[in-house]
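# Structural characterization, general
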Amino acid sequence: MTTRTTPALSLGAIALLVAGGVDTGTAQVATAERLEGAGWWPTKRGGARADYVGAAVCAGCHQSQAASQQRSSMARTGDRAADSDILRARSTLTFAADRFSYTIDRQDSQVLYTVTDGERSVSAPLAWAFGAGKVGQSFLFERNGRLHESRVSYYDSIGRLDLTPNHQRSVPINLEEATSRVVPAAEMRRCFACHTTASATGTSDVNFAELISGITCEACHGPGRQHVAAMRTSAARRADIALLRIRTLSASDSVDFCGSCHATFWDVT
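Residue positions are given per chain, counting from 1 as you read along its sequence in written order. Residue-level local features of this predicted model are given only where pLDDT is at least 70; pairs of side-chain atoms are given and counted only at 80 or more, and the full residue set underlies all totals for whole chains, interfaces and linings. Side-chain numbers come from the whole structure's heavy atoms, not from hydrogens or water.

Only DSSP runs of H or I covering at least 4 residues are called helices, and only runs of E covering at least 2 are called strands; the numbering of each starts at the N terminus. Counting its secondary structure elements, the chain contains 11 helices and 13 strands. Using a 1.4 Å probe on the protein chains alone, a residue whose accessible area is under 20% of its type maximum counts as buried, one over 50% counts as exposed, and one in between counts as partly exposed. The buried share among the 269 residues of the chain stands at 39%. Areas reported as accessible are Shrake-Rupley estimates using a 1.4 Å probe. Residue values count occlusion only from the protein chains shown. Summed over its atoms, the accessible surface of the chain is roughly 14800 Å², and 54% of this surface lies on carbon and sulfur atoms.

Listed in full, the buried residues belonging to helix α7 (residues 185–195) are Glu187, Met188, Cys191, Phe192, Ala193 and His195. Only heavy atoms matter for contacts: two residues are in contact if any of them lie within 4.5 Å across the pair. Those residues of α7 hidden inside the fold are in contact with β1 (78–80), β6 (128–130), β7 (136–143), β8 (146–150), β11 (180–182) and β12 (196–197).

A separate point is the packing of aromatic side chains. Here a pair means two rings of Phe, Tyr or Trp (six-membered ring of Trp) with centres within 6.5 Å. Their orientation is stacked below 30 degrees between planes, edge-to-face above 60, and tilted elsewhere. Using the criterion set out here, one finds eight aromatic pairs in the structure. The interplanar angle of 35 degrees and the centroid separation of 6.3 Å between the aromatic rings of Trp128 and Phe208 together place this pair among those described as tilted. Within this pair, whereas Trp128 is found in strand β6, its partner Phe208 is found in the loop between β12 and β13 (212–213), the two being separated by 80 residues in sequence. The class of Trp128 is buried, set by a relative accessible area of 5%. The class for Phe208 is partly exposed, based on a relative accessible area of 30%. Aromatic side chains Phe265 and Trp266 sit 4.8 Å apart centroid to centroid with 85 degrees between the ring planes, which places their arrangement in the edge-to-face category. Taking the relative accessible area as the measure of exposure, Trp266 reaches 34% and is therefore partly exposed. Grouping aromatic residues by their ring pairs yields a cluster made of Trp128, Phe130, Phe192 and Phe208. Lysine NZ or arginine CZ positioned within 6 Å of the ring centre and within 35 degrees of the ring normal marks a charge as sitting over the ring. The aromatic ring of Trp41 is capped on one face by Arg34, whose charged end is 4.7 Å from the ring centroid.

Residues Leu87, Tyr102, Ile104, Tyr113, Leu126, Phe139 and Leu161 are the most contacted members of the largest nonpolar core, which totals 24 residues. When sequence neighbours within four positions are dropped, the list of residues in contact with Leu126 reads Ala81, Leu87, Ile104, Val111, Tyr113, Phe139, Leu140 and Phe141. Residues enter a nonpolar core if they are buried and are Ala, Val, Leu, Ile, Met, Phe, Trp, Tyr or Cys, with the set joined through side-chain atoms within 4.5 Å. Counting residues in each nonpolar core, the second largest holds 10 residues, with Phe130, Leu140, Met188 and Val206 among its members.

Salt bridges are defined by distance alone: a side-chain nitrogen of Lys or Arg within 4 Å of a carboxyl oxygen of Asp or Glu. Going through the model one piece at a time under the given rule, you end up with eight salt bridges. A salt bridge links Arg120 to Glu176, with the nearest nitrogen and oxygen atoms 3.5 Å apart. Pair noted here: Arg120 is in the loop between β4 (110–116) and β5 (121–125) and Glu176 is in helix α6 (residues 175–179), with a separation of 56 residues, a long-range link. The exposure class of Arg120 is partly exposed, given its relative accessible area of 43%. One network of salt bridges, in which partners are shared, links Arg34, Asp253 and Asp256.

Following this line, the structure appears as structure tokens:
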């Protein structure tokens, strides 16, 4: 799970943007404000899991769109570790840093993450893999009711493991620190909201049992149950229960829409 970092904009730089005629969009707002509004917006929390019908149902009417979406990186940006294409293609991955050695080893239906200092070892089955793999992939596992991010990630450019972004390159003080970091609850909710679908239904926590892997149709267009039910009625009785039509968004709304995960101007500043 990679945390993005964005260079801070100075007041002078912001003034230059405005003076130079760059339209920052008076209608644009931070994602948090978008989520408080009525209607659907990506990463919106709440609703019921039953409101999500799944991409296979969407494909019943939108075959070409559903087929191309399934081949996209977004569709593969969050998956259970056992289903990760990266980990399926590599039975064992290893890495060493300082006095610690790391191994990710596929064992039948699970993927085991092990860290050793030569005297002691810590192991845990990986639960989640974040990232489609074109750039890299980071891994999560659960321990004592908390979600942990592994200290190593896979990088496609080098074809092996290395330290996960934002993990300290200084020597860990003990085996536990060398193994992982605990993911705070708020960060966990944001990560799953942008890497999976229907993770935020029912409760304030992540719906691990029923979420849908990757970003699917409904992650962007909204839950489809009512829309599907309406489309299955006769044309004369059909209510116009449309999902969010992305192509009808204004330029500034489109930026905010994608920025709900990729960070808008207002999210950054």
